[in-house]
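Tertiary structure, described
This is what each chain is made of:
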Amino acid sequence: MGNWPWVLGGIVAGGIIHILAVFGISSFAEGDAWSRLAATMPHNAIVVPDGKSAPTLPFSPPDVVTAYCLYDLADRNVIVRAPLSEPAWTLAVSTRSGENFYLVAGADSKRPEVRLLLIRRDRLSDEASTEKTSEGDDQNIVVAPAETGIVAIRAPIRGESFRAQTIRELQQARCELQPVEPLVASVATPPEEPPAQQPQARPKRRGNR
């Protein structure tokens with residue numbers, strides 16, 4: 001046999017190390033998508049490029065306008081409202097490491113706007129509404145596998161003349177913490193009416209004798 005077992009063992013070990021390096025290098029990268037966006041963006045807020053200063057990622061296509069939100073579920077759930085004006089518009093939610101766990105396109109959505117409630121799994125039992133909000137709006141509950149991640153709304157533009165219109169529509173998107181308590185409209189209590197007065201009995205008239 002000679003040295004063949006050692007050669008084969010070295011090839012197998014080298015292959016395993018190569019596979020682990022390919023899949024694990026993203027975890028140790030300092031310039032990942034989350035780090036690049038977090039350097040210029042707040043958490044739980046939509047940032048739409050306006051042509052002046054905008055978060056961009058490498059290899060972003062020039063004919064697509066992308067709005068980002070860095071969600072953080074540490075304190076509360078996060079509500080995402082996004083317009084899907086065209087069939088090619090997409091809303092993607094991924095973890096901080098880049099694992100995509102939710103995707104919806106305008107062609108698949110029944111409405112021109114989608115509403116998501118990003119929630120941690122341990123809070124799912126405390127969520128009273130699963131399909132309707134307290135205002136009666138439709139919403140989709142999305143259980144996030146990680147506490148932090150990225151929401152990306154991608155809007156392809158049909159031409160440079162449509163860029164400003166696309167940006168205005170993307171600016172309608174929202175990414176914000178869920179309110180602690182639902183807002184309930186107060187109803188004014190009408191003043192009490194005074195009790196009705198009983199009609200006084202008329203004195204009997206005496207007939208003439």
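All residue numbers here refer to positions counted from 1 along the written sequence of the relevant chain. The model is predicted, so local features are restricted to residues of pLDDT at least 70 and side-chain atom pairs to those at 80 or more, both for listing and for counting; the totals for chains, interfaces and linings are taken over all residues. Side-chain figures throughout are based on the complete set of non-hydrogen atoms in the structure, without hydrogens or water.

Here the focus is the sheet that holds strand 7 (residues 148–156). A strand pair is defined by DSSP finding two or more bridges across the two strands. Labels follow the DSSP assignment, with helices taken as runs of H or I lasting at least four residues and strands as runs of E lasting at least two, numbered in each case from the N terminus. One open sheet accounts for 4 strands, arranged 1-7-3-4; its pairing is antiparallel. Each of the sheet's edge strands pairs with one partner strand only, and the pair in question is strand 1 (64–72) and strand 4 (100–105). Along the sheet, successive strands turn relative to each other by an average axial angle of 15 degrees, direction set aside. When checking whether two residues touch, look at their non-hydrogen atoms; a contact exists if any pair is within 4.5 Å. Between N-to-C directions, angles span 0 to 180 degrees; the directions come from axes that are lines fitted to C-alpha atoms, helices contributing only their stretch in contact. The sheet strands contacting helix 3 (residues 163–170) are strand 1 and strand 7, and the helix crosses strand 1 at an angle near 20 degrees.

This part is about the sheet that holds strand 5 (residues 113–120). Taken in spatial order, the 4 strands make up an open sheet running 6-5-2-8, and their pairing is mixed. Single-partner strands in this sheet number two, and they are strand 6 (140–144) and strand 8 (174–177). Averaged over all pairs of adjacent strands, the angle between their axes in this sheet comes to 20 degrees, without regard to strand direction. As defined by bridge partners, strand 2 (residues 78–83) adjoins strand 8 across 4 bridges and the pair is classed as antiparallel. When the sheet's bridge partners are listed, Val80 is paired in strand 8 with Cys175.

Right, let's get into the confidence of the model for the protein chain. Of the residues in the protein chain, 64% have a pLDDT of 70 or more, and the chain-wide mean is 78. The pLDDT value tells you how sure the predictor is about a given residue, anywhere from 0 up to 100. Of the regions scoring below 50 in pLDDT, residues 182–191 engages in 1 contact with residues more than four places distant in sequence or in other chains.

Let us now look at the side chain of Asn44. One can find Asn44 in the loop between helix 2 (33–38) and strand 1. Here a polar contact means two N or O atoms within 3.5 Å. Within protein one must be a hydrogen donor candidate and the other an acceptor candidate, and residues neighboring in sequence count only if both atoms are side-chain atoms. Polar contacts involving the side chain of Asn44 include one to the main-chain amide nitrogen of Asp72, which spans 2.9 Å. Asn44 has contacts with Cys69, Leu70, Tyr71, Asp72, Val78, Cys175, Glu176 and Leu177, leaving out every residue within four places of it along the chain.

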